[in-house]
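Examining the three-dimensional arrangement
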Amino acid sequence: MIERDIAPLLLLFAQSFRAVLVVGPRQSGKTTLVKQTFPHKPYVSLENPDESLLASQDPRAFLNRFPEGAILDEIQQVPLLLSYLQEILDHTESDGLFILTGSNNILLQEYTSQTLAGRIGVLDLLPLSCHEVFRFQPNQNLSDLMLNGFYPEVLAKKRNSKLWFSSYIRTYLERDVRQVKQIENSLLFQKFIRLCAGRVGQQVNIVSLSTDCGINVRTAQAWLSVLESTYVVHLLQPFYENYNKRLIKSPKLYFYDVGLACSLLNIKTKDELAHSHFSGALFENFIIADFIKQSFNFQTGEQYFYWRDNNGVEIDLIRINGEAILPIEIKSGETYSPDFIRNLKKFMNYSGIGKGLLLYNGSASIQGSDGIEISHWRNYLLKNGE
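Figured I'd write up the structure that's included with this text. Since this is a predicted model, take the numbers as computed values, not measurements.

**Topic: the layout of surface pockets**
A volume near 670 Å³ is recorded for the largest pocket. Residue lining of the largest pocket: 27 residues in total, with Gln27, Gly29, Thr32, Pro152 and Glu153 positioned closest to the centre. Looking at which element gives the most residues to the lining of the largest pocket, the answer is helix α10 (residues 161-180), with six residues. Looking at the lining of the largest pocket residue by residue, the classes come out as ten nonpolar, eight polar and nine charged.

**With respect to empty space enclosed by the protein**
The method is simple in principle: a probe with the dimensions of a water molecule rolls over the atoms, and the space it marks as empty is what remains. Under the counting rule described, the total for this entry stands at two cavities of 30 Å³ or more. Counted as a void, the largest cavity has a volume near 50 Å³. What lines the largest cavity is Tyr168, Ile169, Tyr172, Ile193, Val232, Leu260 and Leu264. Secondary structure elements with two or more residues in the lining of the largest cavity: α10 and α14 (258-264). Across the lining of the largest cavity, the residue classes break down as seven nonpolar, no polar and no charged. Taken as a whole, the second largest cavity encloses approximately 40 Å³ of empty space. Partitioned by chemical class, the residues of the lining of the second largest cavity number four nonpolar, three polar and one charged.

**Quick notes on the packing of helix α11 (residues 186-197) against helix α13 (residues 217-229)**
It is at 11 Å that the axes of α11 and α13 come closest, and there the two elements cross at 75 degrees. By the angle between their directions, the pair α11 and α13 is classed as roughly perpendicular. Listed contacts from α13 to Leu188, Phe189, Phe192, Ile193 and Cys196 of α11 are Ala220, Trp223, Leu224, Val226 and Leu227. Counted by class, the contact of α11 with α13 contains ten nonpolar, no polar and no charged residues.

**What to know about the nonpolar core**
Formed by 99 residues in total, the largest nonpolar core has its most connected members in Leu72, Phe98, Phe192, Phe255, Leu282, Phe286 and Trp377. Leave out the neighbours within four places in its chain, and Phe286 touches Cys130, Leu142, Leu145, Met146, Phe150, Val258 and Trp377. Counting residues in hydrophobic clusters, the runner-up holds 17 residues, among them Phe305, Phe340, Met348 and Leu358.

**As for the side chain of Gln140**
By the element assignment, Gln140 lies in the loop between α7 (130-136) and α8 (142-148). A distance of 2.5 Å separates polar atoms of two side chains, one belonging to Gln140 and the other to Gln137. If sequence neighbours within four positions are ignored, Gln140 has contacts with Val133, Phe134, Leu145, Leu155 and Arg378.

**A few points about unusual backbone geometry**
Located in the positive-phi region is Glu74, a residue other than glycine, with phi close to 60 degrees. Relative to the helices and strands, Glu74 resides in the loop between β3 (70-73) and α5 (81-90). At Gln299, a residue that is not glycine, the phi angle is positive and equals roughly 50 degrees. Mapped onto the elements of the fold, Gln299 is located in the loop between α16 (279-298) and β8 (303-308). Residue classification places Gln299 among the partly exposed positions, given a relative accessible area of 39%.

**Considerations on the sheet that holds strand β5 (residues 120-124)**
Hydrogen bonds between backbone atoms are what pair the strands of a sheet, whose relative direction is either parallel or antiparallel. Pairing is parallel across the open sheet formed by five strands, whose spatial order is β2-β3-β4-β1-β5. With partners counted over all chains shown, the strands left at the sheet margins are β2 (43-45) and β5, one partner each. On average, each strand axis in the sheet is inclined to that of its neighbour by 15 degrees, with strand direction left out of account.

**Side note on the state of the cysteines**
Enumeration according to the criterion identifies zero disulfides in this entry. Free cysteine Cys130: the closest other cysteine sulfur is in Cys262, separated by 14 Å. Note on Cys130: relative accessible area 1%, which makes it buried. Considering cysteine sulfurs only, Cys213 is the nearest to Cys196, which forms no disulfide, with 8.4 Å between them.

Conventions we followed
Residues numbered from 1 in each chain as written. Predicted model: local features only at pLDDT ≥ 70, side-chain atom pairs only at ≥ 80, totals over all residues. Heavy atoms only, no water. 1 Å grid on protein atoms, 1.4 Å probe; cavity = no way out; pocket = protein on both sides within 12 Å on 5 of 7 lines; lining within 4 Å. Points joined across faces, edges and corners; volume = space filled by probe spheres on them. Helix = DSSP H or I, 4+ residues; strand = E, 2+ residues; numbered from the N terminus. Nonpolar A, V, L, I, M, F, W, Y, C, P; charged D, E, K, R; others polar. Axes fitted to C-alpha atoms, helices over the stretch in contact; angles between N-to-C directions. Parallel < 35°, antiparallel > 145°, perpendicular 65-115°, else oblique. Contact = heavy atoms within 4.5 Å. Core = buried A, V, L, I, M, F, W, Y, C linked by side-chain atoms within 4.5 Å. Buried < 20%, exposed > 50% of the residue type's maximum accessible area, 1.4 Å probe, protein only. Polar contact = N/O pair within 3.5 Å; in protein donor to acceptor, adjacent residues only side chain to side chain. Pairing = 2+ DSSP bridges. Disulfide = S-S within 2.5 Å.

Set out below in structure tokens:
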């Protein structure tokens, strides 16, 4: 069993709201988490055709089976149930009555905001964080982490990641995407996903993306929104503080799971990863995704951006917690070079911010007199996840 960092927060939400919704990508461990956290609640999967048929045709009869509440898995299959849940939740004093899970953020956001606002707490469960992985298997190395990704089943059951991700993409296309948008040409959409992988760590150029895929700009924007809402990609927004510089304002594209990105790029081995011109961008993706996971797992309230001016000075990640701002540079190299912190120093000089952080793949950890902390990525991420 892989212990999830978000489990205490799920219990707290169940004591604070009449219902809790856990959303996230397929196979991120939502079902396992809620069943382990609430072992005495009846469990129903709405991907079961018989259950979804009853829930669709007679939602009151379906819900009346659970006077003490239940776990309703994949609620987006019958979103109509949320309207009938509203009536039940309005007439109960019990917290944590229903625990819901879902894989489709667009549909669920629409329904929960309209019908269950104030009655339901929402948690995002992403694939495993480094903290969770190393607690389960402490001897993982960087290449294996990046190639195998962070989906619990691949790690816990030692699946062949190449086969698993290929099947995952097909399942994702058949189930989630067509539920959000009527995308008839699944091969063209799969090409679009692979083109996105080829732009990992880059600023989004929607015109270039649409041209390379052979679709119009509006379609490309809609498809990118689908990938965002179904937890495949994350668009890291730029930090708008000017600091007397003209800024780039396009978001940068990352994948929530770096293993999926490697699979889409047809990177299968450690040697291919080491020699790929994507290796630096994938390492950056790996680190940034972990920060985002931890912010969801612990509800820290942190926000993440990147910063770049028109002179090419760029900071990979800006972490904001309240009024505290921390610029972070991410380098895949194992040997420290002063060039690694050149942009950090420039940004700190522009902004007047006194602290910075460099995460890299080398062994030296240094707290410099210039306010810049230099740390091996693993040491920092595990400390940050405590």
